[in-house]
Amino acid sequence: MNYESFFAEYFPFWDKLTTTQRKALCDDTTEITYRKGHVVHDPNECTGAIVVRSGGLRTYFLSEDGKEVTLFRLYAGDICILSATCVLRAITFDVMVEADSDSECLLIGSRTLGKLVEESIYVKNYALELTASHFSETMWSFEQILFMSIEKRLAIFLLDETARRHSDTLKLTHEQIAKYMGSAREVVTRMLRTFSYEGILESGRGDIRILDKTKLRKYL
């Protein structure tokens, strides 16, 4: 693909780079496909920045006992900078990143990205703003886990998913929802049964159909 055209449209700092810097960025960018479930990044790596072209990535914390807490997800047009925090020395934000579905991405090498951060204040500001945005999403996830009832969290999740997918039918298992919400599958199953009893939704094998959004919004 033509990286120059893509970056010129995608990165606000592109016109601030020198010809040499632009070439270095393009030369150290790779097209890569991740299969669903593939671990794209772990804290022991300095993977680089990942631009999602199609599919989606999930960013999460992994505890010592193996429990996962989803922080946020990235979709087409998003960029993951937390997989390259090694180039931002003031930030230590260790997370895991996996492919949430089969995904086509661009991987920008950490060495070149780090050099650009050191050389260009525009690139550095962009990277820091992106990191701050990810941090805000992470704080929102923790706020939900710590301070919101499971009913409200599940209602928010279901409404957000239907809006994002433009569909009232969600192809999601109870296990997937629990993973995204940082909850236990049993808790999610119990709440889905409650919502089903109230006529808010129908839950089948691997899918959920929202029947009454007005009732669901009452939990917000």
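Look up a bit, the structure's there.
In every chain, residue numbers begin from 1 and rise along the written sequence. Given that the model is predicted, a residue must reach a pLDDT of at least 70 before its local features are reported, and side-chain atom pairs must reach 80 or more before they are shown or counted; all residues, however, enter totals for whole chains, interfaces and linings. Calculation of side-chain values draws on the structure's entire complement of heavy atoms; hydrogens and water are dropped beforehand.

Q: Whenever I open this one, the overall build of the protein chain confuses me. Can you help?
A: The helix and strand labels rest on DSSP assignments: H or I over at least four residues marks a helix, E over at least two residues marks a strand, and numbering proceeds from the N terminus. Along the protein chain, the regular secondary structure elements total eight helices and 11 strands. By its C-alpha atoms, the protein chain is 65 × 35 × 30 Å across when sized along the principal axes. For each residue, the accessible area found with a 1.4 Å probe, counting protein chains only, is set against the maximum for its type, and the residue is called buried under 20%, exposed over 50%, and partly exposed in between. Within the span of the protein chain, comprising 220 residues, buried residues form 45% of the whole. It only takes one pair of heavy atoms within 4.5 Å for two residues to be counted as in contact. Once local pairs closer than 6 in sequence are excluded, the contacts in the protein chain between residues at least 24 apart make up 70%. Carbon and sulfur atoms form 49% of the exposed surface of the protein chain, whose accessible area is close to 11,800 Å². Two residue types count as positive, namely Lys and Arg, and two as negative, namely Asp and Glu; His and chain ends fall outside the count. Here the site of a charge means NZ on Lys, CZ on Arg, CG on Asp, or CD on Glu. Counting 28 positive and 32 negative side-chain charges, the protein chain places the averaged centre of each group 4 Å from the other. Where accessible areas are quoted, they stem from the Shrake-Rupley method and a 1.4 Å probe; at the residue level, only the protein chains shown are allowed to cover.

Q: I would appreciate a short explanation of unusual backbone geometry in the present structure.
A: Most of the time, phi is negative for any residue but glycine, and the peptide bond is trans. Despite not being glycine, H166 shows a phi value in the positive range, around 55°. According to the relative accessible area criterion, H166 is exposed, its value standing at 73%.

Q: So what exactly am I meant to see when it comes to the sheet that holds strand 11 (residues 208-210) here?
A: Within a sheet, adjacent strands bond to each other through the backbone by hydrogen bonds, running parallel or antiparallel. By definition, two strands form a pair when at least two bridges between them are found by DSSP. Judged by pairing direction, the sheet is antiparallel, and its three strands sit side by side in the order 9-11-10 without closing on themselves. Strands with a single pairing partner mark the edges of an open sheet, and in this sheet they are strand 9 (169-170) and strand 10 (201-203). As defined by bridge partners, strand 9 adjoins strand 11 across two bridges and the pair is classed as antiparallel. The residue bridging T169 from the neighbouring strand is R209, located in strand 11.

Q: Teacher, can you tell me more about the nonpolar core here?
A: Nonpolar side chains in soluble globular proteins tend to end up buried together. Working definition of a nonpolar core: buried Ala, Val, Leu, Ile, Met, Phe, Trp, Tyr and Cys residues. They are joined through side-chain atoms within 4.5 Å. In this structure, F7, F11, L25 and L57 are the most contacted members of the largest nonpolar core, which totals 40 residues. Residue contacts for L25: discarding those within four places in its chain leaves F7, F11, F13, W14, L17, I108, T112 and L116.

Q: Help me understand the pattern of salt bridges in this model?
A: What counts as a salt bridge is simple: a side-chain nitrogen of Lys or Arg found within 4 Å of a carboxyl oxygen of Asp or Glu. For the structure on display, the rule yields 15 salt bridges. Between E68 and R58 there is a salt bridge, with the nearest N and O atoms lying 2.6 Å from each other. Linking E68 in strand 5 (residues 68-75) with R58 in strand 4 (residues 56-62), this pair joins segments that are 10 residues apart in sequence. For E68, a relative accessible area of 25% puts it in the partly exposed group.

Q: How do you make sense of the environment of F195 when you look at a structure like this?
A: Positionally, F195 belongs in helix 7 (residues 185-197). Taking the C-alpha atoms as reference points, F195 and L154, 41 residues apart in sequence, are found 9.9 Å from one another. Residues within four places of F195 in sequence aside, it is in contact with E151, L154, A155, L158, I200, L201, L216 and Y219.

Q: Looking at this model, I keep getting lost on helix 2 (residues 19-27). Mind explaining?
A: In an α-helix, one turn spans 3.6 residues; hence positions three or four apart end up facing the same way. Listing the buried residues of helix 2 in full gives Q21, L25 and C26. When helix 2 is viewed along its axis, its buried side chains cluster within an angular range of 135° and face the same direction. Within helix 2, the exposed residues directed more than 90 degrees away from the buried face are T19, T20, K23 and D27. Elements in contact with the buried residues of helix 2: helix 1 (3-10), strand 1 (29-34), strand 8 (103-108) and helix 3 (110-119). Arc, as used here, means the arc of the directions from the helix axis to the C-beta atoms.

Q: In this structure, what is going on with the side chain of S83? I would like to understand it.
A: If you trace the backbone, S83 turns up in the loop between strand 6 (79-80) and strand 7 (96-99). By relative accessible area, S83 is classed as buried at 1%. Separated by 3.3 Å, the side chain of S83 and the backbone oxygen of C80 make a polar contact. Contacts of S83, omitting those with residues within four sequence positions, involve H41, C46, T47, G48, A49 and I50. Two N or O atoms count as a polar contact when they lie within 3.5 Å, although within protein this holds only if one can serve as hydrogen donor and the other as acceptor, and sequence-adjacent residues are included solely when both atoms are side-chain atoms.

Q: Can you walk me through the sheet that holds strand 6 in this structure?
A: Reading across from one edge, 1-8-3-6 is the order of the four strands in this open sheet, with antiparallel pairing throughout. Across the chains shown, the open sheet's two edge strands, defined by having one partner strand only, are strand 1 and strand 6. Pairing between strand 3 (residues 49-54) and strand 8: five bridges, direction antiparallel. Opposite I50, over in strand 8, you have L107 as the bridge partner.

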